[in-house]
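A closer look at the structure
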Amino acid sequence: GAVVSQHPSWVICKSGTSVKIECRSLDFQATTMFWYRQFPKQSLMLMATSNEGSKATYEQGVEKDKFLINHASLTLSTLTVTSAHPEDSSFYICSVPYFGIRGNSPLHFGNGTRLTVT
Amino acid sequence: AQKVTQAQTEISVVEKEDVTLDCVYETRDTTYYLFWYKQPPSGELVFLIRRNSFDEQNEISGRYSWNFQKSTSSFNFTITASQVVDSAVYFCALSVGFNKFYFGSGTKLNVKP
C-alpha cells in the first residue's frame, strides 16, 4: 500500500490565486519531508525540506514567500503556491524518508500534483 | 558537490530487445547511495533499487540487472527482453546520508511492440 498520500493529483487555477498541496505520511511519523518540482521532460529539483515544528529549509533560488511550507504535524506537510503565475505550472512531488518494512527505498514519493495556472 | 549524469535523453527499442541505461555520478564522499527510479506516464515514482557505495556486487532482479563500478563511477541499468510496459522515464539518483537526493535528468525509454 501507499506510504505517502499527496492531494490533489491535479489542479487548475487562475493566475493570482493561491493553491495548497498536501502531503501526508501514512502509518508513520515524519519529522522531515521533501518537496520537489519537475518541469516537463526534466528532472526532479529539490525545492525545500519541510521540518516538523520549525521553518522549512529552502534550496538556493527558491522563493520562500512564493512557496509557503507548513509542517504542522508529524504526518502532514503542505506546500502553498501563493499568487500563482503561469510559470509556476509544474509537477510538484513530495517525498518522505522512511526505512520501514515496505522496502529498501529510504525515500517514498507521493503521486505528485500537476499544477496548471491559466 | 554531488552530480548525476544520464547522457541518454531518450532511447527507443523494439520489444524483446535488451537495453542499457547509463548513469555516471560524481561525489567526494566515500559513503553514498545510488538509486534507480521509474516514472511511468502517470507520474508516480517507483523505486527499483538501492546500492551502497561499499557494495559493488551486481544485482539481478528478474529482467532487471544493475552494474555498479566505482572505478568508473557508473551505475548502469539493463533491462533484458524489454516489454512495452517498461516504457517510462528512468531516473538515477545519488544520496549522501539520505538527507538530499540528487537526480539525473532522466532517460525516456520507448519500447515499441
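Quantities reported herein were computed from a predicted structural model and do not represent experimental measurements.

Reading guide: rules and limits
Residues numbered from 1 in each chain as written. Chains lettered and ligands numbered in written order. Predicted model: local features only at pLDDT ≥ 70, side-chain atom pairs only at ≥ 80, totals over all residues. Heavy atoms only, no water. Pairing = 2+ DSSP bridges. Helix = DSSP H or I, 4+ residues; strand = E, 2+ residues; numbered from the N terminus. Axes fitted to C-alpha atoms, helices over the stretch in contact; angles between N-to-C directions. Contact = heavy atoms within 4.5 Å. Buried area = accessible area lost by both parts, 1.4 Å probe. Salt bridge = Lys/Arg side-chain N within 4 Å of Asp/Glu carboxyl O. Polar contact = N/O pair within 3.5 Å; in protein donor to acceptor, adjacent residues only side chain to side chain. Nonpolar A, V, L, I, M, F, W, Y, C, P; charged D, E, K, R; others polar. Disulfide = S-S within 2.5 Å. Buried < 20%, exposed > 50% of the residue type's maximum accessible area, 1.4 Å probe, protein only.

Side note on the sheet that holds strand β3 (residues 19–25) of chain A
Residues and elements named next belong to chain A. Pairing is antiparallel across the open sheet formed by 4 strands, whose spatial order is β1-β3-β8-β7. Strand pairing shows two members of the sheet lacking a second neighbour, β1 (4–7) and β7 (67–73), which therefore form its edges. Taking each pair of neighbouring strands and ignoring which way they run, the sheet shows an average axis angle of 15°.

So, the interface of chain A and chain B
The interface is formed by 17 residues belonging to chain A together with 16 residues belonging to chain B. Both sides of the chain A and chain B interface together cover about 1500 Å² of buried area, and 63% of this is carbon and sulfur. Viewed at the interface, chain B and chain A are joined by 0 salt bridges. Counting across the chain A and chain B interface gives 2 residue pairs in polar contact (both at pLDDT 80 or more). Elements represented by at least two residues in the side of chain A that touches chain B include exactly β4 (32–38), β5 (44–51), β9 (90–97) and β10 (107–109) of chain A. In terms of residues, the side of chain A that touches chain B owes the most to one element, β4(A), which gives 3 residues. When grouped by side-chain class, the residues that make up the side of chain A that touches chain B number 10 nonpolar, 6 polar and 1 charged.

Quick look at the state of the cysteines
Counted under the stated rule, the structure contains 2 disulfides over all chains. The residue that forms a disulfide with A:C23 is A:C94, at a sulfur-sulfur distance of 2.0 Å. Negative torsions about the S-S bond denote left-handed disulfides, and the value of about 75° found for A:C23 with A:C94 makes this one right-handed. On the criterion of sequence distance, the pair formed by A:C23 in strand β3 and A:C94 in strand β9 is long-range, its members being 71 residues apart. Of the residues examined, A:C23 reaches a relative accessible area of 0% and is grouped as buried. A sulfur-sulfur separation of 2.0 Å characterises the disulfide bridge that pairs B:C23 with B:C92. Measuring the twist about the S-S bond at about -65°, one finds the B:C23-B:C92 disulfide to be left-handed. Taken together, the positions of B:C23 in the loop between β3 (19–21) and β4 (24–26) and B:C92 in strand β10 (residues 88–95) put the pair 69 residues apart, joining distant regions of the chain. For the pair B:C23 and B:C92, a shared accessibility class is recorded, and that class is buried. No disulfide involves A:C13; its sulfur sits 18 Å from the nearest other cysteine sulfur, which is in A:C94. Overall, the relative accessible area of 9% leaves A:C13 in the buried class.

Here we look at the pairing of β10(B)
Residue and element names in this part refer to chain B. Along β10, 7 of the 8 residues are buried, which leaves the element largely enclosed by surrounding structure. Note: strand β5 (residues 33–39) against β10, 7 bridges, orientation antiparallel. By the bridge assignment, F35 is partnered in β10 with A93. Note that β10 and strand β12 (residues 107–112) share 3 bridges and pair antiparallel. Directly across from Y90, in β12, lies its bridge partner T107. Across 3 bridges, the pairing between β10 and strand β11 (residues 101–103) is antiparallel. Note on β11: the bridge partner recorded for A93 is F103.

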